[in-house]
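# Survey of secondary and tertiary structure
Each chain, written out:
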Amino acid sequence: MNRGSSKGLKLFSTEDYWAIWLGMLVIILSVGFFWAGSTLKPWAVTPGTWSDLGQLTADIGEHFSAFVSIFLGFGLVFAISMSIMGRNLREFLLGYTILFLGSLGIFYLAGWSVVKRMDLGAPLLALLVGLIIGNVKAAPEWFKTSLRTEYYIKTGIVLLGATLPLTLIAEAGPVAFLQATIVSVVTWLTIYLAATRIFQLDPRFGAVLGTGGAVCGVSGSIAVGGAVKADKDHIAIGIAVVSIWAIVMIFVLAILTKWMIPEGGEAITQWYHISPGEAGAWVGTSEYADAAGFAVVAELASDHGDAPIHAFTLMKVIGRDIWIGIWAFVLSIVSVTFWEKKSQAGEAPQGRVGISVIWERFPKFVLGFFAASVIMSLIAANPPVDYLGKAPVSGTFKTKAQKHEYDADFSSFQVPAAVAGRFAYDAEAGVISFKGEMSLEALNQLTANADVEQEWALKNLHLASDWFQSQLSALVITPIKKLRSWAFVLCFLCIGLSTRFKELATFGLKPFWAFSIGVLVNVPLGYILTTKVFVEYWRALQ
């Protein structure tokens with residue numbers, strides 16, 4: 001066989017490459033549907049929330065065909081790849097069916113209102129359920145063929161790249177990105193050094209813990225854990241520690257920020273006072289999960305307007321989360337160059353590792369992550385020049401932090417001169433529109449003389465005017481996120497089913513204390529950067 005054909009076959013011989021092909025197939029389908037004037041959303045779904053049996057059965061009935069499509073779509077690619085890689089196809093398909101049904105059940109359990117109030121996301125719940133089942137009865141040998149933990153996690157990470165286009169850096173702005181950079185680097189180094197120098201944990205374990213605290217909690221731990229080829233126990237413990245501290249910080253930050261923001265919009269007079277914008281930025285700096293952070297700023301927004309939400313979004317959802325790809329790429333090179341060699345040799349590495357060796361060990365799916373990010377970045381950077389955002393005058397304003405039904409009347413609304421050429425009201429259609437993307441300044445101009453109902457309608461128009469958020473994100477990226485969630489839940493169910501409690505117990509409380517040291521540095525650092533160094537920026541945010 002010649003070298004060319006050998007290289008060609010190699011592109012289909014490992015889970016790394018198959019994760020890229022599956023991830024790219026999902027991205028191509030999602031973008032293709034969008035360009036054809038449609039969306040993959042109806043077919044790329046996860047179970048909804050429910051509180052009684054009627055809501056549960058209704059949701060199953062509504063999404064049943066979509067669940068079957070996801071099962072068959074993932075299953076087809078998994079089956080083809082397993083067959084090419086020489087795995088037992090019959091054993092895999094039987095095990096995959098059980099895993100998929102188990103994941104579906106876990107999604108519904110996570111969507112139950114009782115569990116939702118505990119802030120237990122589906123990936124963490126999958127890990128807990130898997131641990132309980134796996135430690136009660138070990139998985140039979142035939143079932144282990146379907147426990148493709150790395151395959152599922154790598155597929156999820158490639159899809160993660162498509163949800164983090166590089167254009168988010170420009171959207172965050174220089175101040176938010178600079179603060180996010182300082183926080184990310186300092187927090188990561190603190191946790192990593194505490195884990196490896198004080199508690200003598202494996203460097204790859206330290207990297208997983210450090211990224212969980214420095215970037216995006218669970219997603220960061222997953223991405224870097226795969227990139228540095230960390231043990232499954234490292235990733236499982238990492239997300240458990242992150243989840244514990246995320247819940248703790250909900251209460252800590254909510255209590256502190258509520259006390260520190262002056263009531264009723266009063267002036268800042270006391271040394272401990274902070275503005276709503278500063279509060280949101282601090283939460284974005286020192287919270288370890290997006291959902292947990294939104295829970296805090298949504299509470300603040302009910303009393304102090306949208307500034308906490310805007311600041312949190314810039315700081316955490318955009319500023320810090322974009323670092324996932326950077327850490328994954330850098331640490332994957334560090335891992336293959338130093339950590340893996342040290343682990344194999346049992347001593348400090350000697351000599352240099354050649355480029356060919358680095359490439360051989362390098363986790364190829366990380367390239368898929370970046371390719372996905374670049375593809376989505378190119379699309380996001382070229383919005384339609386004549387885009388017109390539209391919103392109904394009567395409808396529902398809904399974001400991750402807020403939901404409000406409104407019924408506005410714009411028949412006598414006075415349009416500010418500064419935006420008169422861009423804002424329009426169509427009474428017959430019951431729609432308001434805005435040419436181009438509406439800035440926060442333009443939104444403030446429009447809402448200055450608006451009544452309460454008009455304000456909600458204008459907020460909805462503000463969202464609709466952003467082509468990236470209202471079109472690309474809603475119709476292309478959201479379906480990808482849903483399918484990414486399936487990959488992550490499959491992964492963590494596998495981790496739980498194949499992990500023994502005694503294996504986790506060998507680490508004791510060392511990971512928790514290493515992460516806690518990072519918290520002790522991160523929280524005051526976030527406060528100082530937000531309220532002292534960049535205070536003018538965050539205080540001016542509306």
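To start, this report covers the structure provided alongside it. Given the structure is predicted, the values throughout are model-derived calculations rather than measurements.

### Side note on the overall build of the protein chain
Per the secondary structure count, the protein chain includes 23 helices and five strands. Over its C-alpha atoms, taken along the principal directions, the protein chain stretches across nearly 75 × 55 × 50 Å. When each of the 542 residues of the protein chain is scored for burial, the buried share is 53%. Long-range contacts, defined here as pairs at least 24 residues apart, represent 77% of the contacts in the protein chain between residues at least 6 apart. Accessible surface for the protein chain amounts to roughly 24000 Å². Of this, 63% is attributable to carbon and sulfur atoms. If the 39 positive side-chain charges of the protein chain are averaged to one point and the 39 negative ones to another, these points end up 14 Å apart.

### A few points about the pattern of salt bridges
Under the counting rule described, the total for this entry stands at six salt bridges. Here Lys-144 and Glu-141 are joined by a salt bridge, their closest N and O atoms 3.0 Å apart. On the basis of relative accessible area, Glu-141 is assigned to the exposed category, the value being 60%. What you see here is one network of salt bridges that share partners, running through Asp-16, Glu-150 and Lys-154.

### Looking at the packing of aromatic side chains
All told, the structure shown has 33 aromatic pairs when counted by the stated rule. Measuring from ring centre to ring centre gives 6.4 Å for Tyr-17 and Trp-21, while their planes differ by 15°; the resulting arrangement is stacked. With Tyr-17 and Trp-21 both in helix α2 (residues 15–35), this residue pair falls four residues apart, about one helical turn. Relative accessible area serves as the criterion here: at 14%, Tyr-17 is assigned to the buried category. Judged by relative accessible area, Trp-21 falls into the partly exposed class, the value being 32%. Ring centres of Phe-78 and Tyr-152 lie 5.3 Å apart, and the angle between their planes is 70°; on these two criteria the pair is classed as edge-to-face. You can see Phe-78 sitting in helix α3 (residues 53–84) and its partner Tyr-152 sitting in helix α7 (residues 149–162), a full 74 residues away along the chain.

### Some remarks on the pairing of strand β3 (residues 403–407)
Sheet analysis places strand β2 (residues 394–398) next to β3, joined by five bridges and oriented antiparallel. What sits directly across from Thr-396, in β3, is Glu-405. Following β2, the chain reverses through four residues before pairing antiparallel with β3.

### A short note on helix α10 (residues 217–227)
The buried fraction of α10 is high, at ten of eleven residues. Listing the buried residues of α10 in full gives Gly-217, Ser-219, Gly-220, Ser-221, Ile-222, Ala-223, Val-224, Gly-225, Gly-226 and Ala-227. At the exit of α10 stands Lys-229, carrying a positive phi of roughly 60°.

The rules we used
Residues numbered from 1 in each chain as written. Predicted model: local features only at pLDDT ≥ 70, side-chain atom pairs only at ≥ 80, totals over all residues. Heavy atoms only, no water. Helix = DSSP H or I, 4+ residues; strand = E, 2+ residues; numbered from the N terminus. Buried < 20%, exposed > 50% of the residue type's maximum accessible area, 1.4 Å probe, protein only. Contact = heavy atoms within 4.5 Å. Areas by Shrake-Rupley, 256 points an atom, 1.4 Å probe, with all protein chains shown as cover. Lys, Arg positive; Asp, Glu negative; His and termini not counted. Charge placed at Lys NZ, Arg CZ, Asp CG, Glu CD. Salt bridge = Lys/Arg side-chain N within 4 Å of Asp/Glu carboxyl O. Phe/Tyr/Trp six-rings, centres within 6.5 Å; stacked < 30°, edge-to-face > 60°. Pairing = 2+ DSSP bridges.

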